[in-house]
Amino acid sequence: MYTNYKQSSEAGVITGQSKSRTFVSFSINGKAYQVSGEHSLDTPLAVFIRDVAGLKGTKISCREGGCGVCIVSAKKYDPTTKKCITISINSCLCPVYSCDGMEITTVEGLGDKTNGYHPIQARLADYNGTQCGFCSPGMVMNMYSLLNENPKPSSKEVEDNYDGNICRCTGYRPIMDAMKSFSTDAPTSTTLPCGVIDLEDLGARCCGSGQAGCNGVCRNKVPGCVDLGQIEITVGDKCWVRPTSLADTFTIMNTMLAQGKTVRPFLGNTSVGIFKDDGPFDVYIDLKGVEELYNISQTKSVTFGSNVSLSAVKELVQKLSIQPGYGYCKGLLHHLDLVASKSVRDCGSWAGNVMMKQKHPDFLSDVFVILQTAGGVLSIGDGSKVKTVSPVELLKEDMDGKLLLSCELPPRDDSYFVHSYKAMPRSRFSHAYVNAGFIMKVDTANNYTVVEKPMVIFGGFGAHLNRADQLETYLNGKSLLDPNVLTGALSVIEKETQSTADYVSASPKCRTELAQAFFYKFLLKVCENKIPANLKSGMANLDRALSEGQRKFPTDQQSWPVNQPLMNTHGKTQTSGEAEYVNDIPTMPGELHAALVIAGVGNAKLDSMDATEALKMPGVVKFITAKDIPGVNSIAPKIMEPEECLVSEDILYAGQPVGIIVAESQLIADAAVKAVKITYKDKKTPILTFEDAIKHKSFYKDPENEITIGDTKAALATAHKVIKGNIEVATQAHFPMETHICLTVPKEDGYNVYAATQWMDFAQNAVAQVLGVPCNDVNMEVRRLGGAYGAKISRSFHTASASALAAHLLQRPVRLLMTMNTMLESCGKRFPYYAEYEVGVSAEGKLLAVDAKIYGDCGSNRNDSTIKHTMGVMDNAYQCDNWHTYGVTVKTNTPPNTYCRTPGYTPAIFIMESIIEHVAKALNKDPVEIRKLNLYKEGETTLRKEVLQYCSVSKVYDQLLKSADVQARAQKVADFNKNNRWKKRGMCVMPMKNAVSWNWYMGNALVNIFNHDGTVAIAHGGIEMGQGINTKVIQVAAHTLGVPIELVKCKPNSSMCNANNIATGGSITSEMSCKAVYECCKTLKERLEPIQQNLPPDTPWPQIIQAAFWQKVDLSARYYVAPRGSGPDYFVYAAACSEVELDVLTGETVALRTDILYDCGKSLSPEIDIGQIEGSFVMGLGYWMTEKTRFNLETGRNITHGTWEYKVPLAKDIPRDFRVELLDEAPKPVGFMGSKTAGEPPLVLSMSVLFAAKHAVQAARADIGKDKEYFALNGPATAEALQQACLVEPKHLTLKA
Ligand SMILES: Cc1cc2nc3c(=O)[nH]c(=O)nc-3n(C[C@H](O)[C@H](O)[C@H](O)COP(=O)(O)OP(=O)(O)OC[C@H]3O[C@@H](n4cnc5c(N)ncnc54)[C@H](O)[C@@H]3O)c2cc1C
Ligand code: FES
Ligand code: FES
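A short tour of the structure in this document, coming up. Per-chain numbering applies: the sequence of each chain, read as written, is numbered from 1 onward. As they are written, the chains are lettered A onward and the ligands numbered 1 onward, keeping that order. Owing to the predicted nature of the model, reporting of local features is limited to residues with pLDDT of at least 70; listing and counting of side-chain atom pairs is limited to 80 or more, with chain, interface and lining totals taken over all residues. Working from all heavy atoms in the structure, the side-chain values ignore hydrogens and water.

**Quick notes on the packing of aromatic side chains**
So the rule is basically this: Pairing of aromatic side chains requires ring centres within 6.5 Å, counting the rings of Phe and Tyr and the six-membered ring of Trp. Pairs whose planes differ by under 30 degrees are stacked, by over 60 edge-to-face, and all others tilted. Secondary structure follows DSSP: runs of H or I at least 4 residues long count as helices, runs of E at least 2 residues long count as strands, and numbering of each begins at the N terminus. Here the term buried applies to any residue with accessible area under 20% of the maximum for its type, exposed to any over 50%, and partly exposed to those in between, with areas from a 1.4 Å probe on protein chains only.
On inspection of all chains with the given rule, the structure shows 35 aromatic pairs. An angle of 70 degrees between the planes, with centres 6.1 Å apart, marks the rings of Tyr421 and Phe438 as edge-to-face. One end of the pair, Tyr421, is in strand β15 (residues 416-423); the other, Phe438, is in strand β16 (residues 434-443), with 17 residues separating them in the sequence. For Tyr421, a relative accessible area of 4% corresponds to the buried category. Here Phe438 falls in the buried class, since its relative accessible area comes to 0%.

**A closer look at the sheet that holds strand β13 (residues 386-389)**
Going by this rule: Pairing between strands is defined by DSSP: at least two bridges between them are needed. The axes are straight lines fitted to the C-alpha atoms, using for helices just the contacting stretch, and the angles between their N-to-C directions are given from 0 to 180°. Should any heavy atoms of two residues lie within 4.5 Å, those residues are considered in contact.
Sheet architecture is open: five strands sit in the order β10-β11-β14-β12-β13, paired in antiparallel fashion. The open sheet has two edge strands with one neighbour each: β10 (296-298) and β13. For this sheet, the mean inter-axis angle between neighbouring strands, taken without regard to orientation, is 20 degrees. Lying on the sheet, helix α8 (residues 310-320) is in contact with β10, β11 (302-305) and β14 (403-409); it crosses β11 at an angle near 170 degrees.

**Here's the deal with the nonpolar core**
What counts, and what does not: We call a set of buried Ala, Val, Leu, Ile, Met, Phe, Trp, Tyr and Cys residues a nonpolar core when their side-chain atoms join them within 4.5 Å.
Trp350, Phe458 and Phe519 are the most contacted members of the largest nonpolar core, which has 335 residues in total. For Phe458, the contacting residues outside a window of four places in its chain are Asn435, Ala436, Phe438, Leu465, Asn466, Ala468, Leu471, Ile493, Thr497 and Ala515. Formed by 30 residues, the second largest nonpolar core is a distinct cluster that contains Ile87, Cys94, Met102 and Ile233.

**Comments concerning the sheet that holds strand β33 (residues 847-859)**
Pairing in this open sheet of five strands is mixed, and the strands run β26-β34-β33-β32-β27 from one edge to the other. Looking at which strands have only one partner, the edges of the open sheet turn out to be β26 (706-709) and β27 (721-729). Each strand axis lies, on average, 10 degrees off the axis of its neighbour in the sheet, ignoring direction. Pairing of β27 with strand β32 (residues 833-841), which is carried by nine bridges, proceeds in the antiparallel orientation. Paired with Ile727 across the two strands is Ala835, which belongs to β32.

**Description of unusual backbone geometry**
With omega at 5 degrees, the peptide bond leading from Trp560 into Pro561 counts as cis. With respect to the element layout, Pro561 can be found in the loop between β19 (548-552) and α17 (571-575). With an omega of 0 degrees, the peptide bond between Gly1275 and Pro1276 qualifies as cis. Backbone geometry at Asn447 places phi at a positive 60 degrees, although glycine is not the residue there. Looking at where Asn447 falls in the secondary structure, it is placed in the loop between β16 and β17 (449-450).

**Side note on the site of ligand 1**
So the rule is basically this: Any residue with a non-hydrogen atom lying within 4 Å of a molecule or strand is treated as near it. We call two N or O atoms a polar contact when they sit within 3.5 Å, provided that within protein one can donate a hydrogen and the other can accept it, with sequence-adjacent residues counted only if both atoms are side-chain atoms. Accessibility throughout is a Shrake-Rupley quantity obtained with a 1.4 Å probe, and a residue counts as covered only by protein chains that appear here. Throughout, the ten residues Ala, Val, Leu, Ile, Met, Phe, Trp, Tyr, Cys and Pro are labelled nonpolar, Asp, Glu, Lys and Arg are labelled charged, and all others, Gly among them, are labelled polar.
Around ligand 1, a shell composed of 36 residues is seen, among which Pro265, Thr270, Ser271, Ser349 and Asp366 lie nearest. The separation between an oxygen atom of ligand 1 and a polar main-chain atom of Ala340 is 3.1 Å. In isolation ligand 1 has 970 Å² of accessible area, and contact with the protein removes 98% of it. Counting only elements with at least two residues in the shell around ligand 1, the list comes to β8 (263-266), α11 (350-359), α12 (366-373) and β14. Here the shell around ligand 1 takes five residues from α11, the largest share from any one element. Residue composition of the shell around ligand 1, grouped by class: 19 nonpolar, twelve polar and five charged.

**Here's the deal with the packing of helix α30 (residues 1029-1041) against helix α31 (residues 1069-1093)**
In a pair of packed helices, the angle between the axes and the distance between the axes together describe the arrangement. This is how it is decided: Here the angle decides the label: under 35 degrees means roughly parallel, over 145 means roughly antiparallel, 65 to 115 means roughly perpendicular, and every other value means oblique. Each crossing is labelled by how the near helix is turned from the far one, with a counterclockwise turn of less than a right angle marking it left-handed and a clockwise turn marking it right-handed.
It is the contact of α30 with α31, at a shortest axis distance of 9 Å, that shows an interaxial angle of 25 degrees. With respect to α31, the axis of α30 lies roughly parallel. Viewed along their axes, α30 and α31 form a crossing whose handedness is right-handed. The residues of α31 that touch α30, namely those facing Ile1029, Lys1032, Val1033, Val1036, Ala1037, Thr1040 and Leu1041, are Thr1069, Ser1070, Ser1073, Cys1074, Val1077, Tyr1078, Cys1081, Lys1082, Leu1084 and Lys1085. Along the lines of polarity and charge, the residues of the contact of α30 with α31 split into ten nonpolar, four polar and three charged.

**Brief notes about the packing of α11 against α12**
Relative to each other, α11 and α12 sit at 105 degrees, their axes nearing to 8 Å. Compared by their axis directions, α11 and α12 come out roughly perpendicular. For the pair α11 and α12, contact is made by Trp350, Asn353, Val354 and Lys357 and by Val367, Phe368 and Leu371, respectively. Split by residue class, the contact of α11 with α12 holds five nonpolar, one polar and one charged.

**Let's talk about the state of the cysteines**
Think of a disulfide as a covalent bridge from one cysteine sulfur atom to another cysteine sulfur atom. As a reminder, the rule being used: The term disulfide is used for any two cysteine sulfur atoms that are within 2.5 Å.
Taken as a whole, this structure holds zero disulfides when the rule is applied. Cys99 carries a free sulfur, and the closest cysteine sulfur to it, the one in Cys94, is 3.7 Å from it. The class of Cys99 is buried, set by a relative accessible area of 0%.

**Some words on the pattern of salt bridges**
The line we're drawing: In the sections that follow, a salt bridge refers to a side-chain nitrogen of Lys or Arg positioned within 4 Å of a carboxyl oxygen of Asp or Glu.
Under the counting rule described, the total for this entry stands at 68 salt bridges. Of the charged contacts in the structure, one is a salt bridge between Glu472 and Lys453, with a shortest N-O distance of 4.0 Å. Of this pair, Glu472 sits in helix α14 (residues 469-475) while Lys453 sits in the loop between β17 and β18 (455-459), and the two are 19 residues apart along the sequence. A residue is classified by how much of its surface remains accessible, and Glu472, at 0% relative accessible area, is buried. For Lys453, a relative accessible area of 39% gives the class partly exposed. Each of Lys453, Arg467, Asp469 and Glu472 takes part in a single network of salt bridges with overlapping partners.

Keep in mind these values describe shape, not function.
Structure representation (structure tokens):
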């Protein structure tokens, strides 16, 4: 809950304007709310919805507008169109005080299990569009807003609507299918609901209609349904004002400034998603009430007010682009589409964006570039006079006491060429590496001569460079067809764009080359009629048509409900927001909130901590340090190396927790963290890279670090060719949408600990150890996780023990919810790897010897090291008689790295596939040929000396080559590459082998049958985190007991029912839990058999159970699964074919198509397994292509700690055509009930996208004669890395073929 503030009941206390209202009012799901100063002025709507309205369906994750989980729908009056419109709002950014007059709908307002589900909720669930479900309410509400505005959208409109919602689990394919099923051009489905929705079913509540849910809050005044009266609310010494006229706004602003107060005029407030530390301000002036600023008018030119949203600007520019004089707008449309996300554009104004640039001149604003490129003239006013300036001139203005009023776009004749560009790390919703805009008057009849000084604007080179003055001067009067002019211009650009390193953006070299590329692209566009056909590929944007997909799987009805394609059992509770995550557990009486204080440097000693200022903040209760720990200061179990809960002296990495702030609210705790002053001593440069670590020999001692098979030395000596190389792959953040969280509640017998953990048993131990209490004092409970992917195995112990420590010391319930920023800075991630290899091959390409030295970066603690696993599985699917792998565990000053989906295999297979690519290149052969030649065959022995039985890898690979039509498509790729100089395509078909071992698993299940109605409840040892474990368990239980699945439910795990379970991970917990449940059900069946025999054959199940109960049969069964053995239980085989198109000039890519063929045995639940395959693949896609972690090299801080900096894939990043097939007639499957796992292995298949992109780079290099040598493409192959790999130099940018 948020602190109650003392409010002023009188209007005008601050502004002296007594006409003001002193409250804001709005409705949520039809219920009216009035807020008049009880909450701090920065209270986000999301927090109000959750903590005051008590509606927990709306989730919070990034708190910076970057993930979409908090999206709600808002109906509001739009003074621009004079209509009520419905938009999606990122409720984490929107202050509750700015919601006056809005009708807000949250996911609870649509439907639930009592009142029935809304079609959007139902369809998302029916299409299996949920896994962990944390993103689902945001997905639903985003669609709800769209359908309210446009009940009959096209599929494209639907897809475009999803440029700002992250789902880390599903891979988006089923979400897109579900949402596109509402479109007018949706493909019809015989099995799933589809078709446009009736307005009645939409449940749109029209303001003032008097229909159920309409309470008249919006005052039934359409147009003008909102009372835009002046509002003034004081909270403490701060004030919120919403004036209704420009004149009042200036009066208030100037009065306040004259009193020395700090003032923030704002509209959407979305800028806080990027600039979190602006302020604090004394007075907030909400410009929403100022109708004059919404106007759009057209006389000779077009003028739009500063309150016009970015979405409305985009619509306007689109309309203008077909009007005489405004054809130039076409050159800006694509760029406008790439600004932020739909929901940010709906709320945010163009003026707010430009003012962000004004206040933070190094902000890479696209809107600034676009408006400058359009020749926009900005009006600024101070209440007495109005001045016009260009966007560039605005940067020099002192804007104190002034407002941006409007922008005027002039018409231009067709002799002007106008275009703007943006290159970025992800296809959508990203800051630019570089953006650029050009206006050039060109006399095409006169040799394409530039007839007046053009305008060129570049962004991405720091605050000093906006207009490229030298380039503009150089080009004036020159002929663009003159090759020397192009050469000269590129050289001017090189000089003019010199910049320094920017940690988050691309390198200075890459950015300069992008600026040159944009100029070249523009030139190609201008000279379109004069250039050869193959160069035209340089001017076009990467095209990504509407996405589509296919899912194919065999199913055997005889074994249903096992092997039956079913939706996620929690689907509808997730899409309706009813599914409860830890943060949704209702507030406990006396509850407090905790936040971790983390070290700002790595590799130092803690000198001092001063929390005086933090403790002075209202609502701050306590600051906890290592000295307060009553037990052992380690979160690791005793059998492992200790890992401090809170730093006592040595700081091993930046981000390491040093203290805990406890406060009355989460907002206060998070704010107070920033007020704790920390000093450090003995600071040393942190070791962050392999290069540093190898130089300083910063390694852990590891005794068993070598595997030798055969004699590599001898084989290398006689090989036809010996190939040497190295390859590196970086880390990956798990990025669960539910950040780390734990709620601890003191109880009479100890503590109830509700932790988001994959390893309840070790979390229980960590809590007990830190508190110094016995384990039976710690009652753990885990219902579900909002995503984990390995993040919540050992990395959950910190949150659990810190929350418990605070609860223990204060004897009050304490909830600790990590911010996304803290999570990304403080928590360990996937292990980075570096390998040096030497390989001997025959003339045909048969592997004769592989010798690899593999370095795995454990970070500052190696408890979770995966190096041994990596060394043992780097053979992937390839046979070789001689192996030598040698592992080195590297120690760096980064957070302790940990398991991340498919650990060990991912780097190992990447090293091996890179070797295969290297071999193919060295022998000048097709990599497909090399792969086929080396594939394992039945009965062969692996690098870990496992004998391969039922080996289907050749079958899978060959079948995919056919089903993906590889041969014909390879020819098309070659033709495409021949005809296009600046766009290239590449394709890769890779196999995969993955050994699945059950022997490390220990876990149980408890199955109860309730005697009164025969229903079944299960508590199994696996943690449901989106992988569909509960669905599979229910299928197995229903099948084994012979009851309908509706009778069976899974309950939360608890340390009471599921003590001593191993972590959920390694992709085996689903089948092991199924096995435990199966055994329980078998036991129960055996107990019931004698009862059944004495009953008539068709006795209904409930009566059998009743009879058994009265005959004193134990209706509960428990089973503990603890397989023994050493080798793998079975192997998973799969293959993937990916095709990619690359923009050679920018390095950006589109994954055109991916086909996956996967041997899942006899899948327990084909829809769930295909969902896992798609989701895993897309998580990997991010790893290989966009997710780059960067550290500040001096402090060691992870600076890619939020959605602005760290780019996980979005819906438009997945393969445009995504086909997944489960192998039919899988050879004698050996997993549980004949099934094989699908949770983790598919992730490695996504490296096919990286290798496809590499082939596209090779094709680009071939055009400039630089394809003779092999080159390594490290992961992630970001747009920057690919652009650099293409080796384009200014001399290659010509207008000739
Ligand atoms: C997740 C995310 C992604 C984004 N991606 C991009 C992107 O790809 N490219 C890009 O260019 N931008 C991007 N943005 C920025 C986004 O476009 C801006 O946040 C938005 O346009 C700001 O509009 P607003 O109305 O919310 O401004 P506010 O947040 O309300 O205000 C922003 C600033 O402008 C001032 N201000 C507002 N209106 C006026 C006025 N009329 N006169 C004087 N001062 C005023 C405020 O005092 C404040 O300093 C992104 C933002 C987010 C949150
Ligand atoms: S929590 Fe609001 S967008 Fe991420
Ligand atoms: S289902 Fe989308 S984040 Fe988990």
